[in-house]
Amino acid sequence: MREPSLGPSDGSGSATLRAMRIYLDHNATTPLRPEVRDAMLRVLDEIHGNPSSVHAEGAAAHALVEGARDRVAEAIGIRSWGPSERLVFTAGASEANNALLRGGPWARRGARIVATNVEHPSVQAPLEVLAAGGVRVERIGVDAEGMLPEGGLEEVLREPPDLVTLIWGNNETGTLLPLAGIAERIRDAGVWLHVDATQVLGKYPVDLRDVPVDSLSLSAHKLNGPKGVGALYLRDARRVAPWLLGGGQERGLRGGTENVPGIAGFGMACELVQKEGDARVSAYAALRDRLWHGIEARIEGVRRNGPADAVLCNTLNVEFEGVAGEVLLQALDLEGVAVSAGAACHSGKVSASHVLLAMGRSVHEAGSCLRFSVGYGVDATQIDRVLEWLDELVQRARGAVGA
């Protein structure tokens, strides 16, 4: 009944599953690129030294880690380092967010932190802990498209807070904040700005020469790199306390032997981002738009969540009126299509998206939404097949409700 997908094969057992299915959940995680896998295998086969060791094997591992650091830095616009600038490798953006939020002078009782009400759970959860410890945590609401309301930022900056933390590209709706202008205003107020850029790198230009943030978090597995490795950029590392002690690695900020294969993969993933640039963004956007226009043309009672223009090139969040999103997700899964009903960090929990609720959707409306996110290995043939299944499955689900 199903034809094989046209996605890449990695020569492993997982290729069989991939060949049978269509993966449209790239915001949750992405498949490993062959170039990334090759870079990691070279380390596993040939470079077994500890980067902290002084012998030749250790020096080779150290050189690889520093080369990867340079490639990640270049991907976010860093060409030369200031005396206190650091890019620290972490286990992912969740660790980076936690380390920043809980390790700075804003983590003390009486300090004031401002965030939006659509942040990722790895920001939401530490903010709740800080609030319980006496930090004043204030939220900026968003409008119906997930954008900051006019004047909302100026209002909170009248009394400059100790920290502003913002999600640049929303993981559920793809809404992209106009960060350059926002960052300029926050810098002019003398406030530290932390940005969760987990979903942005590889889908939108990131150049910190034009966007004056003070810290920024990344994850390799969101851009076809390995899971379990990410980075925290710090414009002034002196402001943040070490969060893992022992060993002195990562300039004393994060002790413990580095994940050398993962870091090598992260570096290669960033090299591919640099190499493919606008071509990658255009290809993803064409697939996303093909999917949305097809849904609009085939299915009545649909609504797009988030703006049509200021949005991640690969992300589409759609409400299907009169359909339970979880039921539609499961039906698509049975047909061989992977999508999401919300953030992957909440998989297994049936609850309305806090992002969609913050955008003014009702609990019922939020429960009728699916997130589609395209990426490497997805092609137009797959999108057209998904459209055929969606048309049939939505009609069937609505019929069941009306029966």
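Quick note: structure is the one above.
Note that the structure is predicted; figures quoted are calculated from it, not measured. (Residues numbered from 1 in each chain as written. Predicted model: local features only at pLDDT ≥ 70, side-chain atom pairs only at ≥ 80, totals over all residues. Heavy atoms only, no water.)

Engineer: Quick question: what am I supposed to make of the overall build of the chain here?
Structural biologist: Helices and strands together make up the secondary structure of the chain, namely twelve helices and twelve strands. A compact globule built from 403 residues would reach a C-alpha radius of gyration of about 22 Å, and the chain, at 22 Å, matches this within 12%. Overall, the chain is about 70 × 55 × 35 Å in size when its C-alpha atoms are taken along their principal axes. Counting across all 403 residues of the chain, residues that qualify as buried make up 54%. Once local pairs closer than 6 in sequence are excluded, the contacts in the chain between residues at least 24 apart make up 74%. When the accessible surface of the chain is split by element, carbon and sulfur atoms take 52% of a total near 17,000 Å². Counting 41 positive and 51 negative side-chain charges, the chain places the centres of these two groups 3 Å from one another. (Helix = DSSP H or I, 4+ residues; strand = E, 2+ residues; numbered from the N terminus. Rg over C-alpha atoms; globule rule 2.2 N^0.38 Å. Buried < 20%, exposed > 50% of the residue type's maximum accessible area, 1.4 Å probe, protein only. Contact = heavy atoms within 4.5 Å. Areas by Shrake-Rupley, 256 points an atom, 1.4 Å probe, with all protein chains shown as cover. Lys, Arg positive; Asp, Glu negative; His and termini not counted. Charge placed at Lys NZ, Arg CZ, Asp CG, Glu CD.)

Engineer: Honestly, the sheet that holds strand S7 (residues 215-219) in this entry has me stumped. Any pointers?
Structural biologist: Note on sheets: strands pair through backbone hydrogen bonds, and any given pair is parallel or antiparallel. On the basis of which strands lie adjacent, the open sheet formed by seven strands has the order S2-S8-S7-S6-S5-S3-S4 and mixed pairing. Two strands bound the open sheet, and with one partner strand each, they are strand S2 (86-90) and strand S4 (136-140). Each strand of the sheet is rotated relative to its neighbour by a mean of 20°, with strand direction disregarded. When strand S3 (residues 112-116) meets strand S5 (residues 163-167), the two strands line up parallel, connected through three bridges. Bridged to isoleucine 113 within S5 is leucine 163. Strands in contact with helix H3 (residues 56-75) are S2 and S7; relative to S2, the strand with the most contacts, it is inclined by about 110°. (Pairing = 2+ DSSP bridges. Axes fitted to C-alpha atoms, helices over the stretch in contact; angles between N-to-C directions.)

Engineer: Sorry if this is basic, but what is going on with unusual backbone geometry here?
Structural biologist: One can expect most non-glycine residues to show negative phi and most peptide bonds to be in trans. Its identity is not glycine, yet asparagine 224 carries a phi of approximately 70°, on the positive side. By the element assignment, asparagine 224 lies in the loop between S7 and strand S8 (230-234). According to the relative accessible area criterion, asparagine 224 is buried, its value standing at 2%. Unlike most non-glycine residues, glutamate 250 shows phi in positive territory, near 55°. Residue position: glutamate 250 is located in the loop between S8 and helix H8 (260-298).

Engineer: Quick question: what am I supposed to make of helix H9 (residues 325-335) here?
Structural biologist: For an α-helix, 3.6 residues make a turn, and residues three or four places apart therefore share a direction. Taken together, the buried positions of H9 are Gly325, Leu328, Leu332 and Glu335. Down the axis of H9, the buried set is contained in an arc of 80°. They therefore lie on one face. In the segment just after H9, glycine 336 is the residue with positive phi, at about 100°. (Arc of directions from axis to C-beta.)

Engineer: What exactly am I supposed to notice about the pairing of S8 here?
Structural biologist: Looking along a regular strand, one sees side chains alternate from face to face of the sheet. In terms of residue burial, S8 counts as a mostly covered element, since five of its five residues are buried. Side chains Gly230, Leu232 and Leu234 of S8 all project onto a buried face; the interleaved residues Ala231 and Tyr233 project onto the opposite face, where all are buried too. Bridge count between S2 and S8: five bridges; the pairing is antiparallel. Looking across to S8, one finds that threonine 90 is bridged to glycine 230. Judged from the five bridges that link them, S7 and S8 form a sheet pairing that is antiparallel. In the sheet register, serine 219 faces S8, and the bridge partner there is glycine 230.

Engineer: I tried to follow the nonpolar core on my own but got confused; where do I start?
Structural biologist: Buried together is how nonpolar side chains tend to be arranged in soluble globular proteins. With 68 residues, the main nonpolar core has Ile76, Trp168, Ile186, Leu201, Leu216 and Phe266 as its most contacted residues. Here this core takes nine residues from H8, the largest share from any one element. Excluding residues within four positions of it along the chain, phenylalanine 266 makes contact with Val72, Phe89, Leu218, Ala220, Pro226, Val229, Gly230 and Ala231. In this structure, Trp292, Phe320, Ile383 and Ala397 belong to the second largest nonpolar core, which totals 30 residues. (Core = buried A, V, L, I, M, F, W, Y, C linked by side-chain atoms within 4.5 Å.)

Engineer: Any chance you could explain the side chain of arginine 254 here in plain terms?
Structural biologist: Positionally, arginine 254 belongs in the loop between S8 and H8. Owing to a relative accessible area of 17%, arginine 254 belongs among the buried residues under this scheme. A distance of 2.5 Å separates polar atoms of two side chains, one belonging to arginine 254 and the other to glutamate 95. Ignoring anything within four residues of it in the chain, the contact list for arginine 254 reads Val88, Phe89, Thr90, Ala91, Glu95, Trp243, Leu244 and Gln249. (Polar contact = N/O pair within 3.5 Å; in protein donor to acceptor, adjacent residues only side chain to side chain.)

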